[in-house]
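Understanding the architecture of this molecule
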Amino acid sequence: LICRALASSAGKSREDSWLKSLFVRKVDPRKDAHSNLLAKRETSSLYKLQIHNVKPECLETYNKLCQEVLPKIHEEKHYPCALVGTWNTWYGEQDQAVHLWRYEGGYPALNEVMSKLRQNKEFTAFRKERGNMLLSRKNQLLLEFSFWNEPVPREGPNIYELRSYQLRPGTMIEWGNYWARAIRFRQDNNEAVGGFFSQIGQLYMVHHLWAYKDLQTREDIRNAAWHKPGWDELVYYTVPLIQEMESRIMIPLKISPLQ
């Protein structure tokens with residue numbers, strides 16, 4: 001009986017280990033930060049993603065205020081930054097504003113802009129007025145993946161999808177390696193706008209930004225990818241790296257360079 005119990009216990013242990021091996025991936029040791037391995041080397045741009053949850057009754061006033069103030073920062077040569085895009089979420093969390101900024105020159109440029117804006121009385125008043133309209137807000141500082149398109153202004157009308165992935169810690173290099181190949185399947189219709197990964201804020205976050213003419217076009221383009229040999233395999237290998245994922249369908253404001 002004792003031998004039988006020991007054998008049964010050993011068998012169960014081997015079965016548990018085998019099952020765990022299916023779902024737990026080992027993280028390979030690295031000799032460099034993933035930011036150095038995945039980010040674009042020819043540029044030193046830093047991106048800031050702002051997500052504001054606005055009081056429902058204030059969204060129209062919030063948008064009007066942003067359309068008055070944000071272009072002044074974008075167009076002023078005094079600030080080494082540019083507004084990449086600004087949107088309201090259409091499908092996803094409601095009454096939400098999303099802003100994406102680029103800082104030419106990385107962290108020094110970010111510090112310079114923040115320092116100068118603190119001296120700007122109009123911006124200080126704007127922040128105070130804006131704060132009264134918000135339920136919550138969060139920022140992330142991002143770098144670009146080296147294999148994605150540079151997000152440049154485009155004509156509309158378009159809808160935008162921001163797909164956000166919370167990865168398992170330690171898997172960013174794997175994600176980058178797979179998507180460096182996968183992105184070629186999603187270039188035919190010029191839908192790929194930009195790909196980013198977080199440096200400060202919520203970590204191991206990836207954001208893919210796509211542009212489509214409408215929701216039906218989005219559906220058609222995404223379905224077409226599954227008919228391309230190799231796409232299904234890359235999806236198969238990236239899914240286990242994801243802990244959570246979210247999709248926002250967004251409509252650009254009139255001032256957004258991405259229309």
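Bear in mind the structure is a predicted one, so any value in this text is a computation, not a measurement. (Residues numbered from 1 in each chain as written. Predicted model: local features only at pLDDT ≥ 70, side-chain atom pairs only at ≥ 80, totals over all residues. Heavy atoms only, no water.)

Moving on, we come to the nonpolar core. Membership of the largest hydrophobic core comes to 54 residues, with the highest contact counts inside it found for F145, W175 and W179. Membership of the second largest hydrophobic core comes to 16 residues, among which are I51, V84, L100 and L209. (Core = buried A, V, L, I, M, F, W, Y, C linked by side-chain atoms within 4.5 Å. Buried < 20%, exposed > 50% of the residue type's maximum accessible area, 1.4 Å probe, protein only.)

Another aspect to go through is the sheet that holds strand β1 (residues 46-54). With respect to topology, eight strands assemble into a closed barrel ordered β1-β3-β2-β8-β5-β7-β6-β4, the strand pairing being antiparallel. Across the sheet, the axes of successive neighbouring strands diverge by a mean angle of 35 degrees, strand direction being ignored. Where strand β4 (residues 134-144) meets strand β6 (residues 192-200), four bridges bridge the pair, whose relative direction is antiparallel. Following the sheet pairing, E144 is matched in β6 by F196. Strand contacts of helix α5 (residues 121-131): β1 and β4, with the helix running at about 125 degrees to β4, the strand carrying the most contacts. (Pairing = 2+ DSSP bridges. Helix = DSSP H or I, 4+ residues; strand = E, 2+ residues; numbered from the N terminus. Axes fitted to C-alpha atoms, helices over the stretch in contact; angles between N-to-C directions. Contact = heavy atoms within 4.5 Å.)

Running from amino to carboxyl end, helix α6 (residues 172-182) crosses helix α8 (residues 231-238) at an angle of 165 degrees, the nearest separation of the two axes being 10 Å. The pairing of α6 with α8 is recorded here as roughly antiparallel in orientation. Helix-helix and strand crossings are classified by hand; for α6 and α8 the assignment is left-handed. Touching W175, Y178, W179, R181 and A182 of α6 are W231, L234, Y237 and T238, all from α8. Of the residues that constitute the contact of α6 with α8, the class distribution is seven nonpolar, one polar and one charged. (Parallel < 35°, antiparallel > 145°, perpendicular 65-115°, else oblique. Left-handed = near helix turned anticlockwise from the far one by under 90°. Nonpolar A, V, L, I, M, F, W, Y, C, P; charged D, E, K, R; others polar.)

Attention now moves to helix α7 (residues 215-225). Listed as buried for α7 are R218, I221 and A225. Seen from one end, α7 has its buried residues packed into an arc of 70 degrees, which puts them on one side. Among the structural elements, β5 (159-167), β7 (205-212), α8 and β8 (242-252) are those in contact with the buried residues of α7. By the N-cap criterion, in which a side-chain oxygen at the helix start approaches the backbone nitrogen of a residue two or three places on, α7 is capped by D214, the distance to Q216 being 3.2 Å. (Arc of directions from axis to C-beta. Polar contact = N/O pair within 3.5 Å; in protein donor to acceptor, adjacent residues only side chain to side chain.)

All right, on to the environment of K213 then. For K213, the location among the structural elements is in the loop between β7 and α7. Each C-alpha atom, one on K213 and one on E191, is 9.2 Å from the other, the two residues being 22 residues apart in sequence. When near neighbours in sequence (up to four residues on either side) are disregarded, K213 contacts P157, N158 and I159.

Let us look at the pattern of salt bridges. Under the criterion given, the structure shown has nine salt bridges. With a shortest N-O distance of 2.9 Å, E104 and R102 are connected by a salt bridge. Note on E104: relative accessible area 42%, which makes it partly exposed. Note that D188 and K228 form a salt bridge whose closest N and O atoms lie 2.7 Å from each other. Residue D188 is found in the loop between α6 and β6, and its partner K228 is found in the loop between α7 and α8; the two are separated by 40 residues along the sequence. Taking the relative accessible area as the measure of exposure, D188 reaches 58% and is therefore exposed. Of the residues examined, K228 reaches a relative accessible area of 22% and is grouped as partly exposed. Where salt bridges share partners, they join R102, E104 and E150 into one cluster. (Salt bridge = Lys/Arg side-chain N within 4 Å of Asp/Glu carboxyl O.)

Next up on the list: the side chain of T89. Within the secondary structure, T89 sits in strand β2 (residues 81-91). When its relative accessible area of 8% is taken as the criterion, T89 is described as buried. Beyond its immediate stretch of four places on either side in the chain, T89 contacts Q94, Q96, V98, R248, I249 and M250.

With eight of eleven residues buried, α6 lies mostly within the body of the structure. Within α6, burial applies to M172, I173, E174, W175, G176, Y178, W179 and A182.

Of all the nine residues making up β5, nine are buried; the element is thus mostly covered by neighbouring parts of the structure. Burial of the side chains of β5 extends over both faces: I159, E161, R163, Y165 and L167 are buried on one face and Y160, L162, S164 and Q166 on the other. Pairing between β5 and β7: eight bridges, direction antiparallel. From the neighbouring strand, Y160 faces β7, where its bridge partner is A211.

Function cannot be inferred from these measures alone, as they are strictly geometric.
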